Amino acid sequence: MIPFLDLGAATAEIRDELDEAYHRFMDSGWYVLGKEVDAFEQEYATFCEADHCVGVGTGLDALTLALRAYDIGPGDEVIVPSNTYIATWLAVTQVGATIVPVEPDEPTFNLDPTLLQSAITKRTKVIMPVNLYGQPVDYDAIQDCAQGTDIKLVIDNAQAQGARYKGRRVGGIADIECHSFYPSKNLGAFGEGGAVTTNDETVAKRIRSLRNYGSTVRYHNDECGINSRLDALQAAFLRVKLRHLDEWNQRRRDLAATYFSELSPLASRLSLLLPTVPDWADPVWHLFVIRTPRRDALREHLQQHGIGTQIHYPIPPHASDAYRDRGYSPDDFPIAQRLAGEVLSLPMGPSLTSHSIPLVASAIGTYAS
Ligand SMILES: *Cc1c(COP(=O)(O)O)cnc(C)c1O
């Protein structure tokens, strides 16, 4: 059996350090915000090469609070990818703004900057791309489209902690970048967690207040905030895992390199498309996603060989029941629709052993014959 992702094995590797963090936290007598959250925020800001980090409850809250920090609301337009996890869209819905989907560039799966100009209107307030599957978007090309306007760039970085764009760490490049620490992410907690990073002190202060009932001085509330604080025990665990993140991301890179060398010879015979990495991108392989028109049959075949796979994502947001009332038709976003029918995520994770990759490749190889 080769599972799609084995979180238990990665946890076992650092069990002593996690136990130490747990005991330190339990003995501290302080359980909401405080020292562990402060320390994690500082360490994660440093890691991202960003000036500020604010820990919040979830990745979705990070996205929503980023929009609230810019007072985005009804009448404002926010550009999002047509092919993303639905959370990106839900953040826009939560603040009552209008979703403007833009299709991806097919080889990289990421927002196509050449389609941006025609999507921008006088009402556009934010462009919110996603560093999908662990690969950074083309920050410069996207920023160029917003040049000379007040449009803000907010990145959904739920999937790419540790990636680099032109040598710079993602998280410290755009106006605000939003992170999720959902357990399966590259930096995952043992429960829920999220953060925003930014170089803008005003934004950081606003989100720090919004996450804590709109308050910075106890019992003084400047506005109607929410309760979305990064859990302090999760912060203690995340501090441990952050120390291992670069090493674990390197393992993912090595596994991806092995996938490329094992799968390239099979690609044309099986009409597989392998991921494309621009030369300015240093991705962290949150997922290793291939494409094939016979995706469902291949997935079934791999299942029979004991190989776990996933589909990210089978239903694009515009085709989801959640957005039924918007009256989209499936082919309003044909690229997102096509990708949803063809993408397949192969086993990937820090505890996957490199000798598993040839086994996955040979099972894929026997599929056609
Ligand atoms: C995981 C994820 C989110 C949401 O994160 P949560 O912590 O689960 O709220 C948002 N966007 C993308 C692209 C994600 O993968």
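Since the structure is predicted, the reported quantities are computational estimates derived from the model, not experimental observations. (Residues numbered from 1 in each chain as written. Predicted model: local features only at pLDDT ≥ 70, side-chain atom pairs only at ≥ 80, totals over all residues. Heavy atoms only, no water.)

## Things to note about the packing of helix α2 (residues 15–28) against helix α8 (residues 232–267)
Following both chains from N to C, one finds α2 and α8 inclined at 150°, their axes separated by 9 Å at the closest point. Relative to α8, the element α2 lies roughly antiparallel. Here α2 and α8 pass one another in a crossing that is right-handed. On α8, the residues touching Glu17, Leu18, Ala21, Tyr22, Arg24 and Phe25 of α2 are Ala232, Leu233, Ala236, Phe237, Arg239, Val240, Arg243 and His244. For the contact of α2 with α8, the residue count by class is nine nonpolar, one polar and four charged. (Axes fitted to C-alpha atoms, helices over the stretch in contact; angles between N-to-C directions. Helix = DSSP H or I, 4+ residues; strand = E, 2+ residues; numbered from the N terminus. Parallel < 35°, antiparallel > 145°, perpendicular 65-115°, else oblique. Left-handed = near helix turned anticlockwise from the far one by under 90°. Contact = heavy atoms within 4.5 Å. Nonpolar A, V, L, I, M, F, W, Y, C, P; charged D, E, K, R; others polar.)

## Brief notes about the sheet that holds strand β5 (residues 152–156)
An order of β1-β9-β8-β5-β4-β2-β3 is seen for the seven strands of this open sheet, with the pairing classed as mixed. Edge positions in the sheet fall to β1 (52–56) and β3 (98–102), since each has one partner strand and no second. Each strand axis lies, on average, 25° off the axis of its neighbour in the sheet, ignoring direction. Each of β1, β8 (176–180) and β9 (194–198) touches helix α3 (residues 35–48); the most contacted strand, β1, lies at about 125° to it. Against the sheet, helix α4 (residues 59–69) engages β1, β2 (77–81), β4 (124–127), β5, β8 and β9, with an angle of about 160° to β8. (Pairing = 2+ DSSP bridges.)

## Focus: the nonpolar core
The biggest cluster of nonpolar side chains holds 37 residues, and the ones touching the most others in it are Tyr259, Leu263, Phe288, Ile290, Leu346 and Ile364. Those elements that place two or more of their residues in this core are α8, β13 (288–291), α9 (295–304), α10 (334–342), β14 (343–346) and α11 (356–368). Each of domain 1 (7–102 + 109–240) and domain 2 (245–368) accounts for three or more of the residues forming this core. (Core = buried A, V, L, I, M, F, W, Y, C linked by side-chain atoms within 4.5 Å. Buried < 20%, exposed > 50% of the residue type's maximum accessible area, 1.4 Å probe, protein only. Domains from an automatic or database assignment.)

## A few points about helix α5 (residues 87–94)
For α5, the complete set of buried residues consists of Ala87, Thr88, Trp89, Ala91 and Val92. Immediately downstream of α5, the backbone of Gly96 shows phi near 80°, a positive value.

## Concerning the packing of aromatic side chains
Going through the model one piece at a time under the given rule, you end up with 17 aromatic pairs. Aromatic pair Trp89 and Tyr328: ring centres 6.0 Å apart, planes at 65°, arrangement edge-to-face. Taken together, the positions of Trp89 in helix α5 and Tyr328 in the loop between α9 and α10 put the pair 239 residues apart, joining distant regions of the chain. According to the relative accessible area criterion, Trp89 is buried, its value standing at 0%. (Phe/Tyr/Trp six-rings, centres within 6.5 Å; stacked < 30°, edge-to-face > 60°.)

## Some points on the domain arrangement of the protein
When its domains are assigned, the protein resolves into domain 1 (7–102 + 109–240) and domain 2 (245–368). Computed over C-alpha atoms only, the centres of domain 1 and domain 2 are separated by 25 Å. Tallying the contact residues gives 35 residues for domain 1 and 36 residues for domain 2. Carbon and sulfur atoms make up 62% of the surface buried where domain 1 meets domain 2, a total of about 3,000 Å² over both sides. Contact with domain 2 buries area across many residues of domain 1, yet Phe109, Tyr133 and Asn186 alone supply 23% of it, more than any other trio. Counting across the interface, domain 1 meets domain 2 through two salt bridges. A salt bridge links Arg169 to Asp246; its shortest N-O distance comes to 3.1 Å. Put simply, domain 1 and domain 2 have 17 residue pairs in polar contact (both at pLDDT 80 or more) between them. Broken down by secondary-structure element, the contributors of at least two residues to the side of domain 1 that touches domain 2 are α1 (7–13), α5, β3 and β6 (164–165). Of the residues contributing to the side of domain 1 that touches domain 2, the split by class is 18 nonpolar, 11 polar and six charged. (Buried area = accessible area lost by both parts, 1.4 Å probe. Salt bridge = Lys/Arg side-chain N within 4 Å of Asp/Glu carboxyl O. Polar contact = N/O pair within 3.5 Å; in protein donor to acceptor, adjacent residues only side chain to side chain.)

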